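# Observations on chain architecture
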Amino acid sequence: IAEGLADIPGIDIDLDLVQTNLIWFNIAGTGITGGAFAGRLHERGVWLLALGPTTIRIATHKDVSREDAVAALKIIREVVAELA
């Protein structure tokens, strides 16, 4: 997920900081607030947490499959593309 997020314009992530199932990234470049971003993703079944105006956290769980991660990343890409 982290590597995929790094390829999305408007999202800023430091891949060196990703060491566990917790992923923090910044969406300032998308032009949307963290709460609005999280809301759009929740509507599509992707649950993440807005920790501030532009900071987002994703936490995966042992029951999240690779297919689930790929599907979530696809939805995140779609939401960001809609903002452009």
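Since we're looking at a predicted model, the values are computed, not measured.

### Comments concerning the environment of Asn-21
For Asn-21, the position within the fold is in the loop between α1 (2-6) and β1 (22-26). Spatially, the C-alpha atoms of Asn-21 and Ala-71 are 17 Å apart, while their sequence positions differ by 50 residues. With near-sequence residues (within four places) excluded, Asn-21 lies in contact with Ile-58, Ala-59 and Thr-60. At a separation of 2.6 Å, a polar atom in the side chain of Asn-21 contacts the main-chain carbonyl oxygen of Thr-60.

### Things to note about the nonpolar core
Ranked by size, the top nonpolar core spans 22 residues in total, and within it Leu-5, Ile-11, Phe-25, Phe-37, Leu-41, Leu-48 and Ile-76 carry the most contacts. Elements with a contribution of two residues or more to this core: α1, β1, α2 (34-43), β3 (55-59) and α3 (66-83). The element contributing the most residues to this core is α3, with 6 residues. Not counting residues up to four positions away in its chain, the partners in contact with Phe-25 are Leu-5, Ile-11, Asp-12, Ile-13, Phe-37, Thr-54, Thr-55, Ile-56 and Ile-58.

### Focus on the layout of surface pockets
Considered as a void within the structure, the largest pocket measures approximately 160 Å³ in volume. As for the largest pocket, its lining consists of Ile-1, Val-46, Trp-47, Ile-58, Ala-59, Thr-60, Val-64, Asp-68, Ala-69, Ala-72, Leu-73 and Ile-76. Counting residues per element, the ones that place at least two in the lining of the largest pocket are β3 and α3. Here the lining of the largest pocket takes 5 residues from α3, the largest share from any one element.

### Here we look at the packing of α2 against α3
One can describe the packing of α2 onto α3 by two numbers: an axis separation of 10 Å at closest approach and a directional angle of 125°. On the basis of their axis angle, the class for α2 and α3 is oblique. The handedness of the crossing between α2 and α3 comes out as right-handed. On α3, the residues touching Phe-37, Arg-40 and Leu-41 of α2 are Ile-75, Ile-76, Val-79, Val-80 and Leu-83. Partitioning the contact of α2 with α3 into residue classes produces 7 nonpolar, no polar and 1 charged.

About the thresholds
- Residues numbered from 1 in each chain as written.
- Predicted model: local features only at pLDDT ≥ 70, side-chain atom pairs only at ≥ 80, totals over all residues.
- Heavy atoms only, no water.
- Helix = DSSP H or I, 4+ residues; strand = E, 2+ residues; numbered from the N terminus.
- Contact = heavy atoms within 4.5 Å.
- Polar contact = N/O pair within 3.5 Å; in protein donor to acceptor, adjacent residues only side chain to side chain.
- Core = buried A, V, L, I, M, F, W, Y, C linked by side-chain atoms within 4.5 Å.
- Buried < 20%, exposed > 50% of the residue type's maximum accessible area, 1.4 Å probe, protein only.
- 1 Å grid on protein atoms, 1.4 Å probe; cavity = no way out; pocket = protein on both sides within 12 Å on 5 of 7 lines; lining within 4 Å.
- Points joined across faces, edges and corners; volume = space filled by probe spheres on them.
- Axes fitted to C-alpha atoms, helices over the stretch in contact; angles between N-to-C directions.
- Parallel < 35°, antiparallel > 145°, perpendicular 65-115°, else oblique.
- Left-handed = near helix turned anticlockwise from the far one by under 90°.
- Nonpolar A, V, L, I, M, F, W, Y, C, P; charged D, E, K, R; others polar.

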